[in-house]
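# Secondary and tertiary structure notes
Listed below are the residues making up each chain.
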Amino acid sequence: MARIAGVNIPTAKRVPIALTYITGIGNAKAEEICEAVKIDRARRVNQLSDAEVLSIREYIDANLTVEGDLRRDTQMNIKRLMDLGCYRGLRHRRNLPVRGQRTSTNARTRKGPAKAIAGKKK
Amino acid sequence: MARSVWKGPFVDAYVLKKAEASRESGRNEVIKIWSRRSTILPQFVGLTFGVYNGKKHIPVNVSEDMIGQKFGEYSPTRTYYGHAADKKAKRK
């Protein structure tokens, strides 16, 4: 079992895949990490030595924002927009799409499940 | 697509002139502008602009975070108080 970047314990998967279980690391970043610490991408996490796990951990600490820190950063950015009183902030406050999408239909990701309106059907 | 850098930020000329005049006079009064499309420049920080929303001038106190955005973003043009049905549902 390997603990990288706090709580994440990726499994017996290939290293680049296992790394994507960490918030803030996708395929591209995972490949980049493997490249930087010189780990063959075909190897699995349980085949890594402690030193290799440590080098991955150090690389992430030094170069990437990840997990809680990343989540806090995004949250802070959204909060900044809301406090500014700009249009994007208003949209965040109302839980509506921020980037100019239509809201007459769709936009269900932001608005949540559809609410039934009384007497709409004939 | 983003605007070309070599053009520089777009600001209507009259906004610049008004801002400068108000800065020189030193009084902290609302500068009425209609140009929602103008970029907020660093030299506007601290001034108060009344940005027109089609009906009235909304006072906007320019802070440092606003630089690079447009005035229109701070003066919403639509009023929406929700549907009557939604309000009824909430009361219950």
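As the structure is a computational prediction, the values presented were derived from the model and not from experiment. (Residues numbered from 1 in each chain as written. Chains lettered and ligands numbered in written order. Predicted model: local features only at pLDDT ≥ 70, side-chain atom pairs only at ≥ 80, totals over all residues. Heavy atoms only, no water.)

## Looking at the overall build of chain A
Secondary structure assignment for chain A yields six helices and zero strands. Starting at the N terminus, the α and β elements of chain A follow one another as α-α-α-α-α-α. In terms of overall size, chain A is more extended than a compact globule, its C-alpha atoms giving a radius of gyration of 21 Å where 122 residues would be expected to give roughly 14 Å. The dimensions of chain A, computed from C-alpha atoms along their principal axes, are 65 × 40 × 20 Å. Across the 122 residues that make up chain A, the buried fraction comes to 30%. Here chain A has roughly 8600 Å² of accessible surface; of this, 51% comes from carbon and sulfur atoms. Within chain A, one finds 26 positive and 12 negative side-chain charges whose respective centroids are separated by 20 Å. (Helix = DSSP H or I, 4+ residues; strand = E, 2+ residues; numbered from the N terminus. Rg over C-alpha atoms; globule rule 2.2 N^0.38 Å. Buried < 20%, exposed > 50% of the residue type's maximum accessible area, 1.4 Å probe, protein only. Areas by Shrake-Rupley, 256 points an atom, 1.4 Å probe, with all protein chains shown as cover. Lys, Arg positive; Asp, Glu negative; His and termini not counted. Charge placed at Lys NZ, Arg CZ, Asp CG, Glu CD.)

## Thoughts on the nonpolar core
In this structure, B:Phe44, B:Phe49 and B:Phe71 are the most contacted members of the largest nonpolar core, which totals 19 residues. Counting residues in each nonpolar core, the second largest holds 18 residues, with A:Ala5, A:Val15, A:Leu19 and A:Ala30 among its members. (Core = buried A, V, L, I, M, F, W, Y, C linked by side-chain atoms within 4.5 Å.)

## Details of the packing of helix H2 (residues 27-37) of chain A against helix H3 (residues 50-63) of chain A
All names here are of chain A. Closest axis-to-axis distance for the H2/H3 pair is 10 Å, and the angle between their directions is 120 degrees. Put simply, H2 runs oblique to H3. As for the relative orientation of H2 and H3, their crossing is right-handed in sense. Residue-level contacts link Glu32, Ile33, Ala36 and Val37 of H2 to Ser55, Ile56, Tyr59 and Ile60 of H3. (Axes fitted to C-alpha atoms, helices over the stretch in contact; angles between N-to-C directions. Parallel < 35°, antiparallel > 145°, perpendicular 65-115°, else oblique. Left-handed = near helix turned anticlockwise from the far one by under 90°. Contact = heavy atoms within 4.5 Å.)

## Here's the deal with the confidence of the model for chain B
Summarising the model, chain B shows a mean pLDDT of 85, and 90% of its residues fall at 70 or more. Among the scores for the predicted complex, ipTM is 0.74 and pTM is 0.74. (pLDDT = per-residue confidence, 0-100.)

## Some thoughts on the packing of aromatic side chains
All names here are of chain B. For the structure on display, the rule yields four aromatic pairs over all chains. Pairing tryptophan 34 with tyrosine 52 gives two aromatic rings, centres 5.9 Å apart and planes at 40 degrees, and the pair type is tilted. Highlighted residues: tryptophan 34 in the loop between strand E1 (31-33) and strand E2 (48-52) and tyrosine 52 in strand E2, separated in sequence by 18 residues. Accessibility expressed as a relative area gives 47% for tryptophan 34, which makes it partly exposed. (Phe/Tyr/Trp six-rings, centres within 6.5 Å; stacked < 30°, edge-to-face > 60°.)

## Quick look at the interface of chain A and chain B
The interface of chain A with chain B comprises seven residues on the first partner and eight residues on the second. Between chain A and chain B, a total of about 690 Å² is buried, with carbon and sulfur atoms accounting for 61% of that surface. Run the count over chain A and chain B and you get zero salt bridges. Seen at the junction of chain A and chain B, the total is one residue pair in polar contact (both at pLDDT 80 or more). Listing elements by their share of the side of chain A that touches chain B, those giving two or more residues are helix H4 (67-84) and helix H5 (87-94) of chain A. Broken down by element, the residue count for the side of chain A that touches chain B peaks at three residues, all from H5(A). (Buried area = accessible area lost by both parts, 1.4 Å probe. Salt bridge = Lys/Arg side-chain N within 4 Å of Asp/Glu carboxyl O. Polar contact = N/O pair within 3.5 Å; in protein donor to acceptor, adjacent residues only side chain to side chain.)

## Focus: the environment of B:Leu41
Residues and elements named next belong to chain B. Locating leucine 41 in the fold gives a position in the loop between E1 and E2. Sequence separation of leucine 41 and valine 62 is 21 residues, and the distance between their C-alpha atoms is 9.5 Å. Discounting chain neighbours no more than four positions away, the residues touching leucine 41 are Pro9, Val11, Leu16 and Ile67.

## Details of the pattern of salt bridges
Residue and element names in this part refer to chain A. Per the stated rule, a full pass over the model turns up seven salt bridges over all chains. Residue glutamate 31 is joined to arginine 41 by a salt bridge in which the shortest nitrogen-to-oxygen separation is 2.3 Å. With glutamate 31 in helix H2 and arginine 41 in the loop between H2 and H3, the pair connects residues that are ten residues apart, well separated along the chain. Judged by its relative accessible area of 33%, arginine 41 is partly exposed.

## Regarding the side chain of A:Arg91
By the element assignment, A:Arg91 lies in helix H5. Summary of buried charges: A:Arg91 has no salt-bridge partner, and the nearest side chain of opposite charge, B:Glu73, is 11 Å away. If near-sequence neighbours (up to four positions away) are discounted, A:Arg91 is found in contact with A:Leu96, A:Pro97, A:Val98, A:Thr103 and A:Arg110.

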